[in-house]
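Residue-level listing of the chains:
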Amino acid sequence: MARYTGNKNRIARRFGTNIFGRARNPLLHKPNPPGVHGARRRKKSDYGLQLEEKQKLKAVYGMLSEKQLIAYYKKALNKVGNTAQHFAEMLECRLDNVVYRLKFANTIFGAHQLVSHGHILVDGKKVDRRSFVVKPGMVISIKEKSRQMKSIVEALDNPARSVPEYLTLDVAKQSGQLLALPLPEQMPWPIEINMSEICDFLAHTT
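Criteria and cut-off values
- Residues numbered from 1 in each chain as written.
- Predicted model: local features only at pLDDT ≥ 70, side-chain atom pairs only at ≥ 80, totals over all residues.
- Heavy atoms only, no water.
- Axes fitted to C-alpha atoms, helices over the stretch in contact; angles between N-to-C directions.
- Helix = DSSP H or I, 4+ residues; strand = E, 2+ residues; numbered from the N terminus.
- Parallel < 35°, antiparallel > 145°, perpendicular 65-115°, else oblique.
- Contact = heavy atoms within 4.5 Å.
- Nonpolar A, V, L, I, M, F, W, Y, C, P; charged D, E, K, R; others polar.
- Pairing = 2+ DSSP bridges.
- Buried < 20%, exposed > 50% of the residue type's maximum accessible area, 1.4 Å probe, protein only.

Q: Requested: an account of the packing of helix α4 (residues 83–92) against helix α8 (residues 195–205), with residues and values cited.
A: Orientation of α4 relative to α8, taken along the N-to-C sense of each, is 100°, at an axis distance of 9 Å. For the element pair α4 / α8, the angle class is roughly perpendicular. Contacts from Thr 83, Ala 84, Phe 87 and Ala 88 of α4 reach α8 at Met 195, Ser 196, Ile 198, Cys 199 and Leu 202. Residues of the contact of α4 with α8, tallied by class, amount to seven nonpolar, two polar and no charged.

Right under this line is the structure:
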């Protein structure tokens, strides 16, 4: 799976928040968004606003590709019920994101590496596919040989982050479980995202 290698700080400044949760906040020394500072900005069109919502969603989940995002949307579209909610659930239940929510990594990109490098177990079996969808009841844990990794220990000790209510974490065992499918209001997004606008945008562009 392709890994994003672009400028993460530039994206964080664009949205005006430390969207990736990095230790060095990119907003501290550069409060202005990228571009010509002081320039007047034209009001965005409806298309522009929807496009920005989509870009925020892609960023929150670790700079997903357009292809990945559309694939998740189409799967959500085929489910019975609220498409926007199903869409959000599938993204939130990606293995890399669950690893991040369980505080095994300090950033979503750190979670990408843990999964890709084979440090993560699902129900006791190694899974190195970041897009693997975690289902309620599944247990996510750190491989025993990897439990002393400095990055994992520091992430678990980070008091600035908490585990969402739809997950449970046993710090001593470095193991967690998805208790139930998360509701949109339970998802700890670092920035407000309008899923309905994104679905409307994708419905007209795919």
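Q: Break down the sheet that holds strand β2 (residues 125–126) for me, with residues and values.
A: Here five strands make up an open sheet; going across it, the order is β2-β1-β3-β5-β4 and the pairing antiparallel. Sheet topology places β2 and β4 (167–170) at the edges, where each strand pairs with a single neighbour.

Q: Tell me what's going on with helix α6 (residues 108–116), and back it up with residues and numbers.
A: Of the residues making up α6, those classed as buried are Ile 108, Phe 109, Ala 111, His 112, Leu 114 and Val 115. A positive phi of about 80° marks Gly 118, the residue just after α6.

Q: Could you give me a rundown of the environment of Phe 132, with the residues and numbers involved?
A: Tracing the backbone shows Phe 132 in the loop between β2 and β3 (139–142). Taking relative accessible area as the criterion, Phe 132 reaches 17% and is therefore assigned buried. C-alpha separation for the pair Phe 132 and Asp 96, spaced 36 residues apart in sequence, amounts to 8.0 Å. The contact partners of Phe 132, leaving out residues within four places of it in the chain, are Cys 93, Arg 94, Leu 95, Val 122, Val 127 and Met 138.

Q: Describe the environment of Gly 137, naming the residues involved and giving the relevant values.
A: As for its position among the elements, Gly 137 is in the loop between β2 and β3. Separated by 30 residues in sequence, Gly 137 and Leu 167 have C-alpha atoms that sit 9.8 Å apart. Filtering out sequence-adjacent residues up to four positions away, Gly 137 remains in contact with Asp 123, Gln 177 and Leu 178.

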